[in-house]
Amino acid sequence: MKPYLPRIKCHAISLALAMALGGCAVQYTPVHLDLAPVAAAPARTLAQDTNVVFDTGYARQLKAGSSWKRVGALPQGDVYRPVDDIFMVQGSHNHEAYLIVRDGMLTGFYLPAEGGFSALGKPQALRFTPE
Amino acid sequence: MFKTQLCLIAAALALTGCAATGPKFAEQQSSTPKLSADKGRVYFYRKDSFVGGGLRPEIRLDGAVVGKSQPGGYFYVDATPGSHEAATSTEVENKLSFVVDKGETKYVRTKVSMGVLVGHVTPELVGSAEAQPELSELHYTGGDAK
């Protein structure tokens with residue numbers, strides 16, 4: 001008896017199902033955040049809308065006028081937490097995330113729940129006021 | 001013919017369902033206890049929508065069932081400060097990891113999206129400015145959701 005679906009079609013469907021159900025995970029490495037002294041620095045405001053594009057093609061917009069407060073530092077840069085707002089990155093699951101900025105470039109994200117660093121494949125320029 | 005009708009009825013039930021009942025947010029707020037200084041509060045809610053109304057998965061916080069994702073419903077949990085993971089399951093498990101500080105309130109919205117065989121219900125963090133107006137339209141399900 002001839003199989004209902006050719007083998008190649010079964011593989012293609014399996015792959016599509018796995019992709020649809022699985023998605024891509026946010027990759028991160030465990031890091032230790034050196035916390036900044038409380039109220040050490042004033043919050044900084046993002047000067048312009050910035051579209052952050054991940055290696056997977058997933059994109060998030062950082063809004064102009066949003067406030068960010070430095071909460072600590074990692075070897076990869078200073079860590080900024082949103083003020084009176086949240087920021088989230090999405091892989092196969094959702095993660096609360098803070099920005100990691102070094103020399104005016106967004107280098108990645110700190111995942112506070114995991115205590116992890118997730119690198120941005122291609123760092124992007126961020127302009128804050130005050131500079 | 002009979003099978004087709006059954007499928008249509010099942011599909012209609014899965015797509016619609018009933019919205020949550022219970023006191024509205026403003027009514028419930030007067031009897032909502034103040035957040036204690038050593039805890040954080042997490043609101044879970046789902047906007048009322050026609051699509052996926054029949055999907056009402058349990059919401060787990062750090063592995064324990066704390067309520068259900070119901071269209072038009074909300075509830076809250078007071079949690080210890082630190083890292084937490086919220087999760088819902090239909091044909092796949094969807095998770096959200098976040099932190100709560102002492103005295104902080106976080107908002108987790110569950111959202112229905114297309115799945116392969118069954119819709120997915122995904123927890124996502126929402127800022128206070130976006131969550132507050134959405135919550136005002138919803139009904140408290142904390143008493144009967146567990």
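So, here is what we can say about the structure in this document.

Cut-off values and rules
Residues numbered from 1 in each chain as written. Chains lettered and ligands numbered in written order. Predicted model: local features only at pLDDT ≥ 70, side-chain atom pairs only at ≥ 80, totals over all residues. Core = buried A, V, L, I, M, F, W, Y, C linked by C-beta atoms within 7 Å. Buried ≥ 20, exposed ≤ 12 C-beta atoms within 10 Å, placed from the backbone. Helix = DSSP H or I, 4+ residues; strand = E, 2+ residues; numbered from the N terminus. Contact = placed C-beta atoms within 7 Å. Pairing = 2+ DSSP bridges.

## Details of the nonpolar core
Right, so step 1: Counting residues in each nonpolar core, the largest one holds 21 residues, and the members touching the most others are B:Val42, B:Tyr43, B:Phe44, B:Tyr45, B:Tyr74, B:Val108 and B:Leu135.
Right, so step 2: Those elements that place two or more of their residues in this core are β1 (40-46), β4 (73-79), β6 (93-100), β7 (105-113), β8 (120-126) and α3 (128-135) of chain B.
Right, so step 3: Core analysis: the next-biggest nonpolar cluster, separate from the first, contains 19 residues, A:Val79, A:Val89, A:Leu99 and A:Phe109 among them.

## Some remarks on unusual backbone geometry
Where the residue is not glycine, phi is negative for most of them; where a peptide bond is considered, it is trans in most cases.
Right, so step 1: A positive phi is found at A:Asp84, a non-glycine position, where the angle reads about 55 degrees.
Right, so step 2: Along the chain, A:Asp84 turns up in the loop between β7 (77-82) and β8 (88-90).
Right, so step 3: Judged by the 11 C-beta atoms lying within 10 Å of it, A:Asp84 is exposed.
Right, so step 4: Positive phi values are uncommon outside glycine, yet B:Asp62 reaches one of about 55 degrees.
Right, so step 5: Position of B:Asp62 among the secondary structure elements: in the loop between β2 (58-61) and β3 (64-68).

## Describing the interface of chain B and chain A
Quoted interface sizes are often the accessible area lost when the parts come together.
Right, so step 1: The interface of chain B with chain A comprises 17 residues on the first partner and 15 residues on the second.
Right, so step 2: Within the residue set of the side of chain B that touches chain A, elements represented by two or more residues are β5 (82-89), β6 and β8 of chain B.
Right, so step 3: The element that contributes the greatest number of residues to the side of chain B that touches chain A is β6(B), accounting for 6 residues.
Right, so step 4: Of the strand pairs in this sheet, strand β9 (residues 94-96) of chain A and β6(B) are connected by 2 bridges, and their pairing is parallel. Within β6(B), the residue paired with A:His95 across the bridge is B:Ser97.

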